[in-house]
Amino acid sequence: MSLTFQFKQARKIIQALSSEEAESLRKICYDIQAEEIKLQKKSKDLMTRCIQNCGGICCKNIQSDLVISHLDFIFLLSLKPALEENILKCLEKEQPFFSSDCIFLKDGTGPCIFPDDARPEVCIVTFCDDISPVKNEIVRVKRKFFKLTWFVLLKKWRRFFFRVCRPWAM
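Description of the structure in this document. Since this is a predicted model, take the numbers as computed values, not measurements. Per chain, the residues get numbers from 1 upward, laid out in the order the sequence is written. Residue-level local features of this predicted model are given only where pLDDT is at least 70; pairs of side-chain atoms are given and counted only at 80 or more, and the full residue set underlies all totals for whole chains, interfaces and linings. In computing side-chain values, all of the structure's heavy atoms are included and hydrogens and water are not.

**As for the pattern of salt bridges**
1) Next: Put simply, a salt bridge is a Lys or Arg side-chain nitrogen that is within 4 Å of an Asp or Glu carboxyl oxygen. Taken as a whole and assessed by the stated rule, the structure comprises 11 salt bridges.
2) Next: Across the salt bridge formed by Lys42 and Glu137, the nearest N and O atoms sit 3.4 Å from each other. One end of the pair, Lys42, is in helix α2 (residues 19-42); the other, Glu137, is in helix α8 (residues 135-169), and 95 residues separate them in sequence.
3) Next: Burial classification: accessible surface area is computed with a 1.4 Å probe over protein chains only, and a residue below 20% of its type maximum counts as buried, one above 50% as exposed, and the rest as partly exposed. Look at Glu137 and you get buried, because its relative accessible area is 9%. Only DSSP runs of H or I with at least four residues qualify as helices, and only runs of E with at least two residues qualify as strands; both kinds are numbered from the N terminus onward.

What follows is the structure, given as structure tokens:
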């Protein structure tokens, strides 16, 4: 799937939420953000080594749709709705089915357009060095994203269930 499709899916999911569901989603996203901040604080030395040793090679020659999912867009848009315009501009440069440098690098070279306190899951938990010093923090970030995954899946199944079962309820 292309990033553009995934972005549209994320917007559709967010727009379909009730106000209570949207508030629950924001809480989950704030929890993810808190864990990402803890990870970044603890991994500061690791990040510095990554930048000095590989120079951001993890953002070069990638298939973006394998790195960023609709769940990442849900997370980003829920926390930082002002990012939508920048994301849309970047998506215009997307070349689905081809490896390229990440389209979310400012001016094609960097830094990333996403703020430090709100990054896609794979981007925040991937390092080019030994992760043992931050393994627990990475696990906590992944668990929070897993909670987001379940939130979205349950909403999808609940809607499906009510659509299918409602005709028989009458």
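Next, the rest of the story.
**Notes on the packing of helix α1 (residues 3-15) against helix α5 (residues 70-79)**
1) Next: All axes are obtained by fitting lines to C-alpha atoms, using only the stretch in contact for helices, and the reported angles, taken between N-to-C directions, cover 0 to 180 degrees. Taken N-terminus to C-terminus, the directions of α1 and α5 make an angle of 55 degrees; their axes are 8 Å apart at the nearest point. As judged from the angle between their axes, α1 and α5 are oblique. In this structure, α1 crosses over α5, and the sense of that crossing is right-handed. Between α1, through Leu3, Gln6, Phe7, Gln9, Ala10, Arg11, Ile13 and Ile14, and α5, the contact on the second element is made entirely by His70, Phe73, Ile74, Leu77 and Ser78.
2) Next: Grouping the constituent residues of the contact of α1 with α5 by class yields eight nonpolar, four polar and one charged. Roughly parallel means an angle under 35 degrees; roughly antiparallel means over 145; roughly perpendicular covers 65 to 115; every other angle is labelled oblique. Should the near helix be turned anticlockwise from the far one by less than a right angle, the crossing is termed left-handed; should it be turned clockwise, right-handed. Here, residues are in contact when the closest pair of their heavy atoms is within 4.5 Å. Gly falls in the polar group here, along with every residue not listed as nonpolar (Ala, Val, Leu, Ile, Met, Phe, Trp, Tyr, Cys, Pro) or charged (Asp, Glu, Lys, Arg).

**Some remarks on a nonpolar patch on the surface**
1) Next: Surface patches are drawn from residues lacking salt bridges whose relative accessible area is over 30%; two like charges belong together within 9 Å, two nonpolar side chains (Val, Leu, Ile, Met, Phe, Trp, Tyr) within 5 Å. Each accessible area is a Shrake-Rupley estimate made with a 1.4 Å probe; only the visible protein chains count as cover when residues are assessed. Together, Phe146, Trp150, Leu153, Leu154, Trp157, Phe160 and Val164 make up a nonpolar patch on the protein surface, roughly 710 Å² of accessible area in all.
2) Next: Relative to the helices and strands, Phe160 is located in helix α8.

**Quick notes on α1**
1) Next: How far a helix is expected to stretch is found by multiplying one less than its residue total by 1.5 Å. Taking 1.5 Å per residue, 13 residues should reach 18 Å; α1 reaches 18 Å between its end C-alpha atoms and fits that length.
2) Next: For α1, the set of buried residues is Leu3, Gln6, Phe7 and Ala10. Down the axis of α1, the buried set is contained in an arc of 100 degrees. They therefore lie on one face. Exposed side chains of α1 directed beyond 90 degrees from the buried face belong to Lys12 and Gln15. Arc, as used here, means the arc of the directions from the helix axis to the C-beta atoms.

**A closer look at the nonpolar core**
Side chains of a nonpolar character, in soluble globular proteins, are inclined to be buried together.
1) Next: Here, nonpolar core refers to any group of buried Ala, Val, Leu, Ile, Met, Phe, Trp, Tyr and Cys residues whose side-chain atoms link them within 4.5 Å. Within the largest apolar cluster, 43 residues are counted, with the highest numbers of intra-cluster contacts made by Leu39, Phe73, Phe75, Ile87, Phe104, Phe114 and Leu148.
2) Next: Mapped onto this core, the elements with two or more residues apiece are α1, α2, α3 (44-54), α5, α6 (83-91), α7 (121-125) and α8.
3) Next: Per-element accounting of this core gives the leading share, seven residues, to α5.
4) Next: Not counting residues up to four positions away in its chain, the partners in contact with Phe114 are Ile68, Leu76, Leu83, Ile87, Phe104, Arg119 and Pro120.

**Description of the environment of Tyr30**
1) Next: One can find Tyr30 in helix α2.
2) Next: Assessed through its relative accessible area of 45%, Tyr30 is described here as partly exposed.
3) Next: As for Tyr30 and Phe5, which are separated by 25 residues in sequence, their C-alpha atoms are 25 Å apart.

**A look at the side chain of Asp72**
1) Next: Within the fold, Asp72 resides in helix α5.
2) Next: Here Asp72 occupies a buried position and makes no salt bridge, while the nearest side chain of opposite charge, Arg119, is found at 11 Å.
3) Next: Within polar-contact distance, the side chain of Asp72 engages the backbone nitrogen of Ser69 at 2.9 Å. A residue counts as positive if it is Lys or Arg and as negative if it is Asp or Glu; His and the chain ends are not included. Two N or O atoms form a polar contact when they lie within 3.5 Å of each other; inside protein one atom must be a possible hydrogen donor and the other a possible acceptor, and for residues adjacent in sequence the pair counts only when both atoms belong to side chains.

So far we have only geometry, and geometry alone does not tell us how the molecule works.
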